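Examining the three-dimensional arrangement
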Amino acid sequence: MAEPIPAQSEQVESTREVVVAVPVYDAVRGLNRAWPANYRLSFDVTPHGEVVIKGDKAGLRGLATQLLALAEADVPQRYHHRIDDFMLEIDRGSLPVRIEQAG
């Protein structure tokens, strides 16, 4: 059984600062798609329509790096990555995903 969630006034805000190097956008080459070595990452959709992102720590950090890179000010609107198993960026059989900077 899940633990009850404390009332807003009882919650202690805790954060951790994390330093991440993100790829720099280049007008000719786009964003370098740097992924960590030896990681696992997959995307799926449940029968109820929930999107499931599953990965080990390295895979989730790699995805976070891609998302942070897209959020940089020099990346043009509508720039996107298609992440799929064809490029061996995610586990074989995973659903492809498009991540896009919407502006």
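Residues numbered from 1 in each chain as written. Predicted model: local features only at pLDDT ≥ 70, side-chain atom pairs only at ≥ 80, totals over all residues. Heavy atoms only, no water.

**Re the pattern of salt bridges**
Counted by the stated rule, this structure contains five salt bridges. The salt bridge involving Glu100 is made with Arg78; its shortest N-O contact spans 2.7 Å. On the criterion of sequence distance, the pair formed by Glu100 in strand E4 (residues 97-100) and Arg78 in the loop between helix H1 (57-70) and strand E3 (80-83) is long-range, its members being 22 residues apart. The class of Glu100 is partly exposed, set by a relative accessible area of 28%. Three or more residues are tied together by salt bridges with common partners; here these are Arg78, Arg98 and Glu100. (Salt bridge = Lys/Arg side-chain N within 4 Å of Asp/Glu carboxyl O. Helix = DSSP H or I, 4+ residues; strand = E, 2+ residues; numbered from the N terminus. Buried < 20%, exposed > 50% of the residue type's maximum accessible area, 1.4 Å probe, protein only.)

**Some details on the pairing of strand E2 (residues 51-55)**
Of the pairings in the sheet, the one linking strand E1 (residues 41-45) to E2 comprises five bridges and is antiparallel in character. Note on E2: the bridge partner recorded for Val45 is Val51. Taking the residues between adjacent antiparallel strands as the criterion, E1 and E2 are bridged by five residues, where Gly49 takes a positive phi near 90°. (Pairing = 2+ DSSP bridges.)

**Looking at H1**
Between its terminal C-alpha atoms H1 stretches 20 Å, which fits the 20 Å expected from 14 residues at 1.5 Å a residue. Considered for burial, the residues of H1 that qualify are Gly59, Gly62, Leu63, Thr65, Gln66, Ala69 and Leu70. Buried positions in H1, seen along its axis, are confined to an arc of 155° and lie on one side of it. Turned more than 90 degrees away from the buried face of H1 sit Lys57 and Arg61, all of them exposed. On its buried face, H1 is in contact with E1, E2, E3 and E4. (Expected span 1.5 Å × (residues − 1). Arc of directions from axis to C-beta. Contact = heavy atoms within 4.5 Å.)

**A look at the nonpolar core**
One finds Leu31, Trp35, Leu41, Phe43, Leu63, Leu70 and Ile83 to be the most contacted residues of the largest nonpolar core, which totals 14 residues. When residues of this core are traced back to their parent elements, those giving at least two are E1, H1 and E4. The leading source of residues in this core is H1, at three residues. Dropping the residues within four chain positions of it, Leu41 is found in contact with Trp35, Ile53, Lys54, Gly55, Gly59, Leu60, Leu63, Ile90 and Asp91. (Core = buried A, V, L, I, M, F, W, Y, C linked by side-chain atoms within 4.5 Å.)

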